[in-house]
Amino acid sequence: MHRNRTLIQSIPSPKSEPFKLWLAKVGYERVQEIENPELAQERMKQLYEQKGYSQEWIVKCVRGIAIRQELTEEWKERGIDQNLEYAILTNEISKATFGKTVDEYKNYKNLKKENLRDHMTDLELIFTMLGEKVTTEITRSKEAKNFPECKTAARDGGGVAGNARRDAQKKIGKPVISKENYLVEPEKLKRKRLQ
C-alpha cells in the first residue's frame, strides 16, 4: 500500500493530480464507512438509484441483503465452508422456494454474469427473503451443528417459502417466478409502465 502511494505521488504529471485527488477521496470515504457502516448502505442505495431502481425496490433489496448476511453469519458460526458449501445451501433454499437452482434461475431470466437478486421483481425478492429468514430461524432452533444439518434447515426454510409462493400464486392468479430482468429497461421505468 505504502509503495503504491509512493508510486502515484512520484508521477510528475498534471494529468495524475485528478487521479490522486480521486484516490484520496475514495480512501477517505471507505475509512468513514468502516467507522459508520450506515454510510456504506447509503452509498449502495445511491448506486442502485443511479442504475435505475425505484425506492420501493431498493428498500426490499437492502433488507434482503441484511437477511442474507444474518444467514451467512449463522452458517459461518457453524463452521460451514464459505466457498462451496454456501453455494450448495443457497441452491437448496432456491430450489425449495422457486423450483430452480440459482444457475437455473439465472438462465431462466437470461442472465450471464449479472447478480440474480438485481433482476428479481418485488415478489421474488420477498420470497427469497422469506426462505432465507426461515432457514436462519430453523438453523438456530434446531441448533444445526454441521453441513448436513444446515442443508436440511435450508431445504426446510426454502420449503416454507415455496409453499407460501404457491399459495400466493393461486390467490394472485399468475406465477411469482418471472423471466423479467432489468438488462434493457431499468426497474424504475418498468414499474411505472406496469402501474
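Refer to the preceding data block for the structure.
The residue count restarts for each chain, going from 1 along the sequence in the order it is written. A pLDDT threshold of at least 70 governs which residues receive local features in this predicted model, and a stricter bar of 80 or more applies before side-chain atom pairs are shown or counted, although totals over entire chains, interfaces and linings include all residues. To get the side-chain values, all heavy atoms of the structure are used, and hydrogens and water are removed first.

Enquirer: Looking at this model, I keep getting lost on the side chain of Asp118. Mind explaining?
Expert: With respect to the helices and strands, the residue Asp118 is situated in the loop between α6 (102-108) and α7 (122-141). A relative accessible area of 9% means that Asp118 is categorised as buried. The contact rule is simple, with two residues in contact once any of their heavy atoms fall within 4.5 Å. The contacts of Asp118, once residues within four sequence positions are left out, are Tyr48, Lys51, Tyr53, Trp57 and Tyr182. Put simply, DSSP marks the helices as runs of H or I at least four residues long and the strands as runs of E at least two long, and each gets a number from the N terminus on. Here the term buried applies to any residue with accessible area under 20% of the maximum for its type, exposed to any over 50%, and partly exposed to those in between, with areas from a 1.4 Å probe on protein chains only.

Enquirer: What am I meant to see in the packing of helix α4 (residues 55-77) against helix α5 (residues 84-98) here?
Expert: When two helices pack together, their arrangement is given by the angle between the helix axes and the distance between those axes. The convention used is that axes are lines fitted to C-alpha atoms, helices contributing only their stretch in contact, and that angles between N-to-C directions extend from 0 to 180 degrees. Contact geometry for α4 and α5: axes closest at 12 Å, N-to-C directions at 130°. Compared by their axis directions, α4 and α5 come out oblique. Regarding α4 and α5, the two cross each other, and that crossing is right-handed. Of α5, the residues touching α4 (which contributes Arg68, Leu71, Thr72, Trp75 and Lys76) are Tyr86, Leu89, Thr90 and Ile93. Should an angle lie under 35 degrees it is considered roughly parallel, over 145 roughly antiparallel, and from 65 to 115 roughly perpendicular; all remaining angles are considered oblique. Handedness of a crossing is defined here by the sense of rotation of the near helix relative to the far one, left-handed for an anticlockwise turn of less than a right angle and right-handed for a clockwise turn.

Enquirer: Would you mind showing me how to read α5 here?
Expert: Three- or four-residue spacings in an α-helix give side chains the same orientation, since the helix completes a turn every 3.6 residues. Under the 1.5 Å per step criterion, the end-to-end length of α5 is 21 Å for 15 residues, consistent within 8% with the ideal 21 Å. Among all positions in α5, only Tyr86, Leu89, Thr90, Glu92, Ile93, Ser94, Ala96, Thr97 and Phe98 are buried. The secondary structure elements touched by the buried residues of α5 are α4, α6, α7 and α8 (147-172). One or two residues past the end of α5 sits Gly99, with phi positive at roughly 80°. Expected span of a helix, by definition, is 1.5 Å for each gap between consecutive residues, and there is one gap fewer than residues.

Enquirer: Looking at this structure, how should I read the layout of surface pockets?
Expert: Take a probe with the size of a water molecule and roll it over the atoms, and the empty space left behind shows itself. Computed from the structure, the largest pocket encloses a volume of approximately 380 Å³. Residues are said to line a cavity or pocket when one of their atoms sits within 4 Å of a point; the points come from a 1 Å grid over protein atoms alone, cavities being sets where a 1.4 Å probe fits but cannot get out and pockets being open sets with protein on both sides within 12 Å along at least five of seven lines. If you go around the largest pocket, you meet 16 residues; those closest to its centre are Thr121, Asp122, Lys174, Glu180 and Leu194. At the level of secondary structure, the elements contributing two or more residues to the lining of the largest pocket comprise α7 and α9 (187-194). Broken down by element, the residue count for the lining of the largest pocket peaks at four residues, all from α9. Grid points are joined across faces, edges and corners, and a volume is the space filled by probe spheres set on the points.

Enquirer: How do you make sense of the packing of aromatic side chains when you look at a structure like this?
Expert: Two numbers describe a pair of aromatic rings. These are the distance of the centres and the angle of the planes. Pairing of aromatic side chains requires ring centres within 6.5 Å, counting the rings of Phe and Tyr and the six-membered ring of Trp. Pairs whose planes differ by under 30 degrees are stacked, by over 60 edge-to-face, and all others tilted. This model, assessed by the stated rule, comprises six aromatic pairs. Considering the side-chain rings of Tyr53 and Tyr182, the 5.9 Å spacing of their centres and the 85° angle between planes classify their relative orientation as edge-to-face. Taken together, the residues span a long stretch of sequence, with Tyr53 in the loop between α3 (37-50) and α4 and Tyr182 in the loop between α8 and α9 at a distance of 129 residues. Of the two residues, Tyr53 and Tyr182, neither departs from the other in class, the shared state being buried. Grouping aromatic residues by their ring pairs yields a cluster made of Tyr48, Tyr53, Trp57 and Tyr182. Charge-over-ring placement is defined geometrically: NZ (Lys) or CZ (Arg) within 6 Å of the ring centre, and within 35 degrees of the ring normal. In this arrangement the basic side chain of Lys100 is found over the ring face of Tyr108, its NZ or CZ atom lying 4.4 Å from the centre.

Enquirer: Before we go on, may I ask you to explain the side chain of Lys100 in this structure?
Expert: If you trace the backbone, Lys100 turns up in the loop between α5 and α6. His is not counted here, nor are the chain ends, while Lys and Arg score as positive and Asp and Glu score as negative. For salt bridges, the criterion is a side-chain nitrogen of Lys or Arg within 4 Å of an Asp or Glu carboxyl oxygen. There is no salt bridge for the buried Lys100, and the closest opposite charge comes from Glu104, which lies 6.4 Å off by N-O distance. Setting aside its immediate chain neighbours within four residues, Lys100 contacts Ser94, Lys95, Tyr105, Tyr108 and Ile177.

Enquirer: What is the right way to read the nonpolar core from this model?
Expert: Soluble, globular proteins show a tendency: their nonpolar side chains are buried together. By convention a nonpolar core is built from buried Ala, Val, Leu, Ile, Met, Phe, Trp, Tyr and Cys residues, the set being connected through side-chain atoms within 4.5 Å. With 17 residues, the main nonpolar core has Tyr48, Tyr53, Trp57, Ile58, Phe98, Tyr105 and Met120 as its most contacted residues. With four residues, the top contributor of residues to this core is α4. Dropping the residues within four chain positions of it, Ile58 is found in contact with Lys45, Tyr48, Glu49 and Tyr53. Ile80, Ile93, Ala144 and Cys150 belong to the second-largest nonpolar core, a separate cluster that totals 10 residues.

Enquirer: How should the packing of α5 against α8 be read in this particular structure?
Expert: With their axes 6 Å apart at the nearest point, α5 and α8 run at an angle of 25° to one another. With respect to α8, the element α5 is oriented roughly parallel. Crossing angle aside, the handedness with which α5 passes α8 is right-handed. Contact with α5, carried on its side by Glu85, Ile88, Leu89, Glu92, Ile93, Ala96, Thr97 and Phe98, involves Phe147, Cys150, Lys151, Ala154, Arg155, Gly158, Gly159, Ala161, Gly162, Arg165 and Arg166 of α8 and no other residues of that element. Across the contact of α5 with α8, the residue classes tally to nine nonpolar, four polar and six charged. Note on residue categories: nonpolar means Ala, Val, Leu, Ile, Met, Phe, Trp, Tyr, Cys or Pro, charged means Asp, Glu, Lys or Arg, and polar means any other residue, Gly included.

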